[in-house]
Amino acid sequence: MNYKDTAKAILEKVGGQENINDFLHCSTRLRMNLKNPDKAKTEEIKAMDGVMGAVYSGGQYQIIIGNDVSYVYNELKPMVNMNPEENSQPKKKRDMSFKGLFESFAGLITGIFQPIIPAIAAAGMFKALLLLCTSLGIMSKDSQIYALLLNIADAAFYFLPVLLAYSSAQKFKTNPYIAATLAGSLLHPKMIALLAGEVPVHIAGIPVPNISYASSVLPIILTVWLMSYVEKFADKVSPGPVKIFLKPLIVILVMAPLALTILGPIGNYLGVGLSDGLFWIQGKIGWLTVVILAVFLPFIVMFGMHKVFYPVIFAAMVSPGYETLIHSAMLSSNMAQGAGALAVWFLAKDKKLKQVALPAGISGLFGITEPALYGVHLRLKRTLVACMIGAGSAGLFAGIVNLKAYAAVGPGLASLPMFIGAENNFTYALITAAISIIVTPIAVYFIGFNDPGAEGTAKASSEEPTPVETTQAAPKKEKLQSRLVVFSPIEGEAIPLKDVNDEAFSQEAMGKGMAIRPSKGQVVAPFDGTVETVFRTKHSIGLRSVEGIEILIHIGIDTVKLKGQYFNVVVQEGDTVKHGQLLIEFDMEAIEKAGYDTTTPVIVTNSGDYLEILGYEKTEKIGPETPLITIL
């Protein structure tokens, strides 16, 4: 993948830099806050080489790239002007529906927690490694070196309110340094000693509860949220000559007492309530909660909604000091998806599928599941069911033994020390992982999957794609050893891709190919293969040939705006199709009357896998038996 070209194409397809408020990346996704998400060309982004998927969820536009996401992010960053004034988002009417409120909440949580995850993950693994060293007798808990290293590992957790203050301030668009100052006031050693003294502390007659805010989450988030409004007030009332010190002074004088007397205690009680609520649910439903979450976790990850678990996880880590649901389910699911992808690698005959499955499987076993989920299981579908079976089986055991996680890290083979703690707990974690790793491949074997490499040898034509009138005899399709052929999926007039009135196609941003001006409103299969994707708006379909050619047939230009009107899809995702089989019917006249160009690009989306993509060089009439594209 050319990261710079990919970044450039993504920027264009999300509506340009003027449509981006801000963006960041997690382990596998670009996460963008777009001014107008409707401007993003989601289908075209999904069809890009190197992109596994795209979804608008949790108030963010998320582009799933996989392990290479940081490289694309680094190329994209200098292309986008992040001047806050130029990229300020115009106010929109708030969506007060349940879906709208939940997406706003999810977007808020993700935006606050995502930037601090590297620090928390590193600290969690540091603590897990120390636990491993003491368990193996390499280091004594009474030694100075252990105490020194433990303090270093614990710093990110102890000062978590400071980290959250900074990221919350970025999200609420307020001063991050004043926010960090307020967090520091809650954690100051002398403040802790004062509140722990025998004499109760009061501010203006209001008692200040003796609460430890180390490792807390919600108190500082609530404080910074209210601070964002107080700062706006302070900015208005502060005269220009003294604003540099008066504005922050007003904020601190107002917010520090409120944090200590009202917001901090409320946030603390909410955090404890989250943890207690989690244990109450498990107490009522028991092991079934782990099974349910483990089984459906892939769908939660698919929409990027797993980030909403952060407050619950951190609250549990503070009290009682361990977490028994989310990490147990994640361990079961991660191992299943990794093992399932490795099973596909072992069983598949298709070379490209094997190339995707091997690194995706390894990545999944180490806790990064998106490559396996998007690159293998959502594509094959039946293997996803196998993964759900494996995850559910492992989750059943983890739920019964009440498996505990003692560090906030993504569960994987390298992070298994996070389960070292109570007697036999680490053994239970190993058994949970083993169940998932063993059961999933067995389920993959018995359920099976559609392996393109097992369906036969390449079907091609002995003819070069020279112009053929539809009145002439159709050329015979013959097997070729060195080239593959994509036949025309539509009757009409073949034109070069460069003549299409859409830069995404004409500049070959999604791949090389040809285009057709239809004379008949039917799309048929251009080869034997499978239906990979049927877009929700019915105007586009993705196919994969038995030889591994992946094509996108996009009926018309900007016809996504018709939202499926005038289109009738007669196949489903996962269907096996034969050359010439009807796929889609569309009303040409109605589409053109609605003001849309019916020119249909036929794109080889995995063009990079081949030496040459050849097509017609001049306009000619073609039909379903006419070779449209030759691939070398």
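For the structure, check the block above.
Residues numbered from 1 in each chain as written. Predicted model: local features only at pLDDT ≥ 70, side-chain atom pairs only at ≥ 80, totals over all residues. Heavy atoms only, no water.

S.K.: Just checking my understanding: could you explain the sheet that holds strand β10 (residues 522–524) for this structure?
M.R.: For sheets, the rule is that strands pair by backbone hydrogen bonds, running either parallel or antiparallel. Taken in spatial order, the three strands line up as β10-β16-β14 in an open sheet, and their pairing is antiparallel. Lying at the two open borders of the sheet, with one neighbouring strand each, are β10 and β14 (567–569). Across the sheet, the axes of successive neighbouring strands diverge by a mean angle of 15 degrees, strand direction being ignored. Sheet analysis places β14 next to strand β16 (residues 582–586), joined by three bridges and oriented antiparallel. Bridge pairing in β16 links Asn568 to Glu585. (Pairing = 2+ DSSP bridges. Helix = DSSP H or I, 4+ residues; strand = E, 2+ residues; numbered from the N terminus. Axes fitted to C-alpha atoms, helices over the stretch in contact; angles between N-to-C directions.)

S.K.: Before we go on, may I ask you to explain the side chain of Ser238 in this structure?
M.R.: Mapped onto the fold, Ser238 is located in the loop between α10 (218–237) and α11 (243–285). In contact with Ser238, not counting residues within four places along its chain, are Lys243, Leu246, Lys247 and Ile250. (Contact = heavy atoms within 4.5 Å.)

S.K.: Just checking my understanding: could you explain the sheet that holds strand β7 (residues 484–487) for this structure?
M.R.: With antiparallel pairing, three strands are arranged side by side in an open sheet as β7-β20-β18. Whereas interior strands pair on both sides, the edge strands pair on one side only; in this sheet they are β7 and β18 (613–615). With strand direction ignored, the average angle separating the axes of adjacent strands in the sheet is 25 degrees. Strand direction decides the pairing type here: β7 and strand β20 (residues 627–631), joined by four bridges, are antiparallel.

S.K.: What is the right way to read helix α17 (residues 382–401) from this model?
M.R.: In an α-helix there are 3.6 residues to a turn, and that puts residues three or four apart on one side. If you check α17, its first and last C-alpha atoms are 30 Å apart, about what 20 residues at 1.5 Å a residue would give, namely 28 Å. Looking at α17, one finds that the buried residues are Thr383, Leu384, Ala386, Cys387, Met388, Gly390, Ala391, Gly392, Ala394, Gly395, Ala398 and Gly399. Remark: Asn402 follows α17 within two positions and exhibits a positive phi of approximately 60 degrees. (Expected span 1.5 Å × (residues − 1). Buried < 20%, exposed > 50% of the residue type's maximum accessible area, 1.4 Å probe, protein only.)

S.K.: In this structure, what is going on with the side chain of Ser436? I would like to understand it.
M.R.: Structurally, Ser436 can be placed in helix α18 (residues 425–447). Sequence-distant contacts of Ser436, defined by excluding residues within four places in its chain, comprise Ser332, Met335, Ala336, Ala339, Gly390, Ala391, Ala394 and Pro441.

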